[in-house]
Amino acid sequence: MDVVLPDPAWIIGKHALLNLHVVQRNGRTEIDPKSWRIPYQWQGCHYQDHDDQPFLLTINSGGGFVEGDAADLYATMEAGTRALITTTAASKFYKCPQGATSRETIRLKVGERALLEYHPDEAILFAGSRVERRTVIDLEPSSRLFATDMIAAGRVHYGAGEAFQFRALRSEFEVRLAGRPVVLDRLIAEDGEEVDALQRLWGGASHLATVVAVGAELPDRIERTLDEALATCSVATSGASRMGNVVVCRILGAEAWACHEAVFRCWRALRPHLAGKPARPIRKC
Amino acid sequence: MGLRTSNGGDGLLALLQITNAAFPTGAFTHSLGFETWISDGALASAAQAQTSCRDWLRFNLATCDAAGAALAHRCAAMDDRDGLIAVDTQLGALKLSREARQASAMTGAALAAAGRAVFALPRMSEVERLIGEGACQGHHAMVYGVLASELRLTEDQCVVSYLWSGLSSLIGVIQRLLPMGQADAQRIIADAAPLIERCAEIARTRDLATMATAYAALDAASMQHERLPTRLCIS
């Protein structure tokens, strides 16, 4: 695997880096940290399903992205492995009064017959923040994937509410299959007009969640099952669509908890087909 | 009959022809998800239609498809086959619902076929070959950019006409679904002229790395459209 090394120009404590190698060993999947740099911390992983699949909770001890902070996570999963990667808490992007941009980059490579479940908490865009987020997941033809991405437009319950008061956002969530992009959810809102418009473009919701699942094992009409599972959630609107072996769900809601519940319902419908076991609430503490 | 004799070689006439609703692309059968909103009552008036269509024009079409048309126009002018495939791949990946993706590919294939049949342009046959070989899906914006280049239209003409015809087509579809008068519909299109100019500037300054869409609620509506019990439009 390629290990990405830190640039000597990176300020210690301002630029987190974590390189992971996911391998088959001892009859199970194990995750080796090839290198890490604060504020990413390495505290190992654990097996919440009591089987061969590790759950990794990434820990960024910075507590959030102060102006100009960056975090890069790279993982390479070898053939036949399976792992779940999540976060300990939401990624909080704080105000950037000096005009610098905070950046989060996630790059995950999933080998043949490997399964990745990537299920991070939401990114919260505080008032005045400038944010670039980029998640790229590379799959092989026989890889399987359940991945989520969620953006909160701000601290909706802070004071009188501060949704859609961030300065700029570039957000990319890309899934590639054999090197070709098959899903590219790219949102760019870099001036007042574009940020303000999001309130209409999200149908009045302040949270946007996207679920992507990829797998040859997904049954016919799974998108109907997902639609039915989402129909009774407390979200503003949602939808599910299937294109070949790729399923995409869009979820828009006023509350983070409602979007989390909707995403969990998607996982509950999809996980038995992708991982051969039921979804379960992930223990984070 | 080749380009030199088509429309007497007059670019304006060619432009009028390819943006005419009668040009056989099938665009008039696609609501792109708007039929869901009309069906559930979320979109019920000409004023709401105007707001939603202008948002779609500015935050989806300009930043994604029209940008793709501009890039394809440039690639065609430079005979950049790989560039065209990259634009097409990006256009497809950015469409998150099956119907949006299929609508774009269906109308693109129809435009390529019509471009070949009507104007006898060899490049349109090449585009059809790329689609047939599976090298690309043939999304409408990519094919439109190539056709405009082959018809010797400028990049600006390509992008402005793409935006205008996209809006005009969508308004035409909505007009069939909503109680909205013909004059109201045409007024929405006429009033959009300054916005179309701005959108053309935005589209022409985007590249592959900045093509984007923002109308997430429309994505969900397009997904829901797949399972609408009664519908008139394909998408």
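Further up the page is the structure itself.
Remember, it's a predicted structure, so these values are computed and weren't measured experimentally.

So, how was this worked out
Residues numbered from 1 in each chain as written. Chains lettered and ligands numbered in written order. Predicted model: local features only at pLDDT ≥ 70, side-chain atom pairs only at ≥ 80, totals over all residues. Heavy atoms only, no water. Helix = DSSP H or I, 4+ residues; strand = E, 2+ residues; numbered from the N terminus. Buried < 20%, exposed > 50% of the residue type's maximum accessible area, 1.4 Å probe, protein only. Contact = heavy atoms within 4.5 Å. Areas by Shrake-Rupley, 256 points an atom, 1.4 Å probe, with all protein chains shown as cover. Lys, Arg positive; Asp, Glu negative; His and termini not counted. Charge placed at Lys NZ, Arg CZ, Asp CG, Glu CD. Rg over C-alpha atoms; globule rule 2.2 N^0.38 Å. Pairing = 2+ DSSP bridges. Axes fitted to C-alpha atoms, helices over the stretch in contact; angles between N-to-C directions. Nonpolar A, V, L, I, M, F, W, Y, C, P; charged D, E, K, R; others polar. Salt bridge = Lys/Arg side-chain N within 4 Å of Asp/Glu carboxyl O. Buried area = accessible area lost by both parts, 1.4 Å probe. Polar contact = N/O pair within 3.5 Å; in protein donor to acceptor, adjacent residues only side chain to side chain.

Student: Could you give an account of the overall build of chain A, with specific residues and numbers?
Tutor: Along the backbone of chain A there are three helices and 17 strands. Viewed in the frame of its principal axes, chain A has a C-alpha envelope of about 50 × 50 × 35 Å. The burial tally for chain A puts 59% of its 285 residues in the buried class. Expressed as a percentage of contacts within chain A between residues at least 6 apart in sequence, the contacts between residues at least 24 apart total 70%. Carbon and sulfur atoms make up 49% of the accessible area of chain A, which amounts to about 11300 Å² in all. Averaged over its 34 positive side-chain charges, chain A has a centre that lies 2 Å from the centre of its 36 negative ones.

Student: Lay out the overall build of chain B in plain terms, naming residues and giving numbers.
Tutor: When helices and strands are tallied, chain B shows eleven helices and zero strands. The helix and strand sequence of chain B, counted from the amino end, reads α-α-α-α-α-α-α-α-α-α-α. For 235 residues, the compact-globule formula gives about 18 Å, and the C-alpha radius of gyration of chain B, at 17 Å, lands near that figure. For the C-alpha atoms alone, the extent of chain B along its principal axes is close to 50 × 35 × 30 Å. Residue burial in chain B is summarised as follows: out of 235 residues, 58% are buried. Looking at chain B alone, contacts between residues at least 24 apart form 80% of all its contacts between residues at least 6 apart. Looking at chain B as shown, the accessible area adds up to about 9100 Å², and 55% of this sits on carbon and sulfur atoms. Between the centroid of the 19 positive side chains of chain B and the centroid of its 23 negative side chains there is a distance of 1 Å.

Student: Report on the sheet that holds strand S11 (residues 130-139) of chain A, specifying residues and quantitative values.
Tutor: Residue and element names in this part refer to chain A. Read from one edge to the other, the open sheet built from seven strands follows the order S2-S1-S5-S8-S11-S13-S14, with strand pairing classed as mixed. Sheet topology places strand S2 (28-37) and strand S14 (180-189) at the edges, where each strand pairs with a single neighbour. On average, adjacent strands in this sheet sit at an angle of 10° to one another, irrespective of strand direction. Strand direction decides the pairing type here: S11 and strand S13 (residues 168-177), joined by ten bridges, are parallel. By the bridge assignment for S13, Val136 is matched with Glu174.

Student: Describe the packing of helix H4 (residues 81-93) of chain B against helix H7 (residues 140-150) of chain B, naming the residues involved and giving the relevant values.
Tutor: Residues and elements named next belong to chain B. One way to put it is that H4 packs onto H7 with a least axis distance of 8 Å and a crossing angle of 150°. Side by side, H4 and H7 meet where Leu84, Asp88 and Leu91 of the first sit next to Ala141, Met142 and Val146 of the second. Within the contact of H4 with H7, the residues separate by chemical class into five nonpolar, no polar and one charged.

Student: How would you explain the environment of Thr88 of chain A if you had to name every residue and give the values?
Tutor: Residues and elements named next belong to chain A. Tracing the backbone shows Thr88 in the loop between strand S6 (82-87) and strand S7 (91-93). Residue class for Thr88 comes out partly exposed when judged on its relative accessible area of 36%. In this structure the C-alpha to C-alpha distance between Thr88 and Ser61, which are 27 residues apart in sequence, comes to 10.0 Å. Not counting the four nearest positions on each side in its chain, Thr88 is found in contact with Leu57, Thr58, Ile59, Asp121 and Lys284.

Student: Let's hear about the pattern of salt bridges: which residues, and what values?
Tutor: All names here are of chain A. Here the structure, examined in full by the defined rule, presents 42 salt bridges over all chains. Arg133 is paired through a salt bridge with Asp149; the nearest N and O atoms lie 2.7 Å apart. Here Arg133, found in strand S11, pairs with Asp149, found in strand S12 (residues 144-152); they are 16 residues apart in sequence, far enough to count as distant. Exposure class is identical for Arg133 and Asp149. Each is buried. The residue Arg155 makes a salt bridge to Glu162 at a minimum N-O spacing of 2.9 Å. On the basis of relative accessible area, Glu162 is assigned to the buried category, the value being 6%. Here the residues in one salt-bridge network are Asp49, Asp51, Asp52, Arg82, Glu117, Arg271, Lys277 and Arg280, joined through shared partners.

Student: If you had to explain the interface of chain A and chain B to someone new, which residues and values would you point to?
Tutor: By a widespread convention, an interface's size corresponds to the accessible area lost as its parts come together. On the side of chain B, 32 residues touch chain A, which itself brings 34 residues to the contact. Around 2700 Å² of area is buried between chain A and chain B when both sides are counted, 53% of it from carbon and sulfur atoms. The interface formed by chain A and chain B includes seven salt bridges. For Arg227 of chain B, the salt bridge identified is with Asp227 of chain A, shortest N-O distance 2.5 Å. Here chain A is connected to chain B by 21 residue pairs in polar contact (both at pLDDT 80 or more). Broken down by secondary-structure element, the contributors of at least two residues to the side of chain A that touches chain B are S13, S14, helix H1 (192-201), helix H2 (222-231), strand S16 (237-243) and strand S17 (246-253) of chain A. The dominant element in the side of chain A that touches chain B, judged by the number of residues it contributes, is S14 of chain A, at nine residues.

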